[in-house]
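Breakdown of the fold
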Amino acid sequence: MAKLTIDDLKKIKEKTAKETSLREGPASIKITVHMGTCGIAAGAREVMNALMEEMAAADRQDIRVVASGCLGMCSSEPNVTIEVEDSEPIVYQLMDPNKMRQVFKRHVLLGEVQTDFALAKM
Amino acid sequence: MRELSLHILDIAENGITAGGDCIWIEVDEARKTDQLKIVIRDNGHGMPAKKIKNINDPFITSRTTRRVGLGLSLLAAAAKRCDGTVRIDSQPGKGTEVEATFRYSHIDRAPLGDIAATVTTLIIGHPGIDFVYSHRVDGKDFSLDTREIRSEIEDTSLSDPVVIHHLTKSIRSALKALASDEDNLESSEEQNGKADN
């Protein structure tokens, strides 16, 4: 039976040892990808994948990613909510992998809200 | 839904919403008997029998519960149009099991798609939840159990995007190896999944 062996895991662990050791401390930015049926059908998984790639490249320990359910605005899915400490949460609408990358680079990393893609402040 | 793996992601999310802390995902591709079976099980709070009776009717669903709704209806429709079946077993307090079967070679069967991305999306999106994923192709199988991973490497690693990135890649290559022995459709599907990323 093929299995993800402990050796495989250790290899993964070694590759990422440097990053993991840095990844302590509280999160000050929370990114929520809404993954209800509506979000998934509209492409939320691809948005999440793009986000994971950007996160891996950025190597920031203070950013947390979570998946949540439907926001109630299914027609604007995929929705992504960015919560930066001490500022209002911003909901982005109709996201795709490229928009997600832009929002991550500009809003999350540099603090510039991308109003073109935004749906609302909360 | 364009891929069956998106249905899996959706039903697994239901299990998490139902309060489960461990989700089991089984995919069984039996090409010899021309059947594809997908099972998603959770240990959440389950549903009473009365509710299951109407579960595939999207209009009977109460949206506040989130336990049911369009998600299961879509899966049931996808299975039925491929000469398949959907079975839902649920016991209040114990959890729910959803099993969908498809005729493997049916022209309307959606591709399985990027199931590695489904699994790792679940893992990174739900840090407190465990996932047991097993995938069988003609009797050969692959499995992954986040409870084992957590006991071997530090717990925090599974929320690390770098670890997740490598994990996605290793699941993809393991699935490719499963399907590669024979000349078949599935290996080209795996490549499609890879091209997405």
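Residue positions within a chain follow its written sequence, with the count starting from 1. Here chains are named by letter from A upward and ligands by number from 1 upward, in the order in which they appear as written. Per-residue local features are limited, in this predicted model, to residues with pLDDT of at least 70; the limit for side-chain atom pairs, both in listing and counting, is 80 or more; totals at the level of whole chains, interfaces and linings are taken over all residues.

**Overview of the overall build of chain B**
Helix and strand labels come from DSSP, where a helix needs a run of H or I of at least four residues and a strand needs a run of E of at least two; each type is numbered from the N terminus. Within chain B, the regular secondary structure consists of seven helices and six strands. When the helices and strands of chain B are listed from N to C terminus, the series reads α-β-β-α-α-β-β-α-β-β-α-α-α. Counting over 197 residues, chain B shows a buried share of 46%. The contacts in chain B between residues at least 6 apart in sequence include a share of 65% that link residues at least 24 apart. Three exposure classes are used. Buried residues have 20 or more other C-beta atoms within 10 Å of their own C-beta, exposed residues have 12 or fewer, and partly exposed residues fall in between, all C-beta atoms being placed from the backbone. We call two residues in contact when their backbone-placed C-beta atoms lie within 7 Å.

**Observations regarding the overall build of chain A**
The helix and strand inventory of chain A stands at five helices and six strands. Secondary structure of chain A in N-to-C order comes out as β-α-α-β-α-α-β-β-β-α-β. Taking all 122 residues of chain A together, 37% fall into the buried category. Long-range contacts, defined here as pairs at least 24 residues apart, represent 69% of the contacts in chain A between residues at least 6 apart.

**Here's the deal with the nonpolar core**
With 77 residues, the main nonpolar core has A:Val33, A:Leu51, A:Val80, B:Ile8, B:Ala12 and B:Ile25 as its most contacted residues. If you tally residues by element for this core, the top one is helix H6 (residues 161-180) of chain B, at eight residues. The residues touching B:Ala12, leaving out its near neighbours within four places in the chain, are B:Ile23, B:Ile25, B:Ile40 and B:Leu122. Each nonpolar core consists of buried Ala, Val, Leu, Ile, Met, Phe, Trp, Tyr and Cys residues. Their C-beta atoms, within 7 Å, join them into a set.

**Topic: the sheet that holds strand S3 (residues 63-68) of chain A**
Residues and elements named next belong to chain A. With mixed pairing, five strands are arranged side by side in an open sheet as S3-S2-S4-S5-S6. Each end of this open sheet is capped by a strand with a single partner; those strands are S3 and strand S6 (118-121). For this sheet the average axis-to-axis angle between neighbouring strands, irrespective of direction, equals 20 degrees. Where strand S5 (residues 90-92) and S6 come together, three bridges link them in antiparallel fashion. Within S6, the position partnered with Ile90 by the bridge is Lys121. Every axis in this analysis is a line fitted to C-alpha atoms, fitted for helices over the stretch in contact. Angles between the N-to-C directions lie between 0 and 180 degrees. The strands that helix H4 (residues 44-58) touches are strand S2 (29-34), S3 and strand S4 (80-84); relative to S2, the one it contacts most, it runs at about 155 degrees. Packing against the sheet, helix H5 (residues 97-110) makes contact with S2, S3, S4 and S5, and its axis sits at approximately 10 degrees to S4. Any two strands with at least two DSSP bridges between them are considered paired.

**Quick look at the packing of helix H1 (residues 4-17) of chain B against helix H4 (residues 115-125) of chain B**
Residues and elements named next belong to chain B. Taken N-terminus to C-terminus, the directions of H1 and H4 make an angle of 20 degrees; their axes are 8 Å apart at the nearest point. Taken as axis vectors, H1 and H4 run roughly parallel relative to one another. The handedness of the crossing between H1 and H4 comes out as right-handed. Contact with H1, carried on its side by Ser5, Ile8, Leu9 and Ala12, involves Ile115, Thr118, Thr121 and Leu122 of H4 and no other residues of that element. Looking at the contact of H1 with H4 residue by residue, the class counts come to five nonpolar, three polar and no charged. What sets the label is the angle itself: under 35 degrees gives roughly parallel, over 145 gives roughly antiparallel, 65 to 115 gives roughly perpendicular, and the rest give oblique. Here a crossing is taken to be left-handed if its near helix is turned anticlockwise relative to the far helix by less than a right angle, and right-handed if that turn runs clockwise. Under the grouping applied here, Gly and all other residues not named as nonpolar or charged are polar, the nonpolar ones being Ala, Val, Leu, Ile, Met, Phe, Trp, Tyr, Cys and Pro and the charged ones Asp, Glu, Lys and Arg.

**Remarks on the environment of A:Gly39**
All names here are of chain A. Among the structural elements, Gly39 can be located in helix H3 (residues 37-42). Residue Gly39 is classed as buried on the basis of its 29 C-beta neighbours within 10 Å. As a C-alpha pair, Gly39 and Glu77 span 38 residues in sequence and 5.1 Å in three-dimensional space. In this structure Gly39 touches His34, Ala44, Cys70, Glu77, Pro78 and Asn79, once residues within four positions along its chain are discounted.

**Comments concerning H4(A)**
An ideal rise of 1.5 Å per residue puts 21 Å on 15 residues; H4(A) measures up with 21 Å between its terminal C-alpha atoms. Of the residues one or two after H4(A), A:Asp59 is the one with positive phi, at around 50 degrees. To estimate how far a helix should reach, multiply one less than its number of residues by 1.5 Å.

**Concerning the environment of B:Gln91**
The topology assignment puts B:Gln91 in strand S3 (residues 86-91). In the structure, B:Gln91 is positioned 82 residues away from B:Ser173 in sequence and 37 Å away in space, judged by C-alpha atoms.

**Considerations on the pairing of strand S6 (residues 140-145) of chain B**
Residue and element names in this part refer to chain B. In terms of strand pairing, strand S5 (residues 130-137) meets S6 through six bridges, oriented antiparallel. If you follow His135 over to S6, its bridge partner there is Phe142. Between the antiparallel neighbours S5 and S6 lie two residues, among them Asp138 with a positive phi of about 45 degrees.

**A few points about unusual backbone geometry**
Residue and element names in this part refer to chain A. In this structure, the amide linkage connecting Glu77 to the following residue, Pro78, adopts the cis form with an omega of -5 degrees. Counting through the fold element by element, Pro78 comes out in the loop between S3 and S4. The backbone of Asp59 shows a phi angle near 50 degrees, a positive value even though the residue is not glycine. Residue Asp59 is classed as partly exposed on the basis of its 15 C-beta neighbours within 10 Å.

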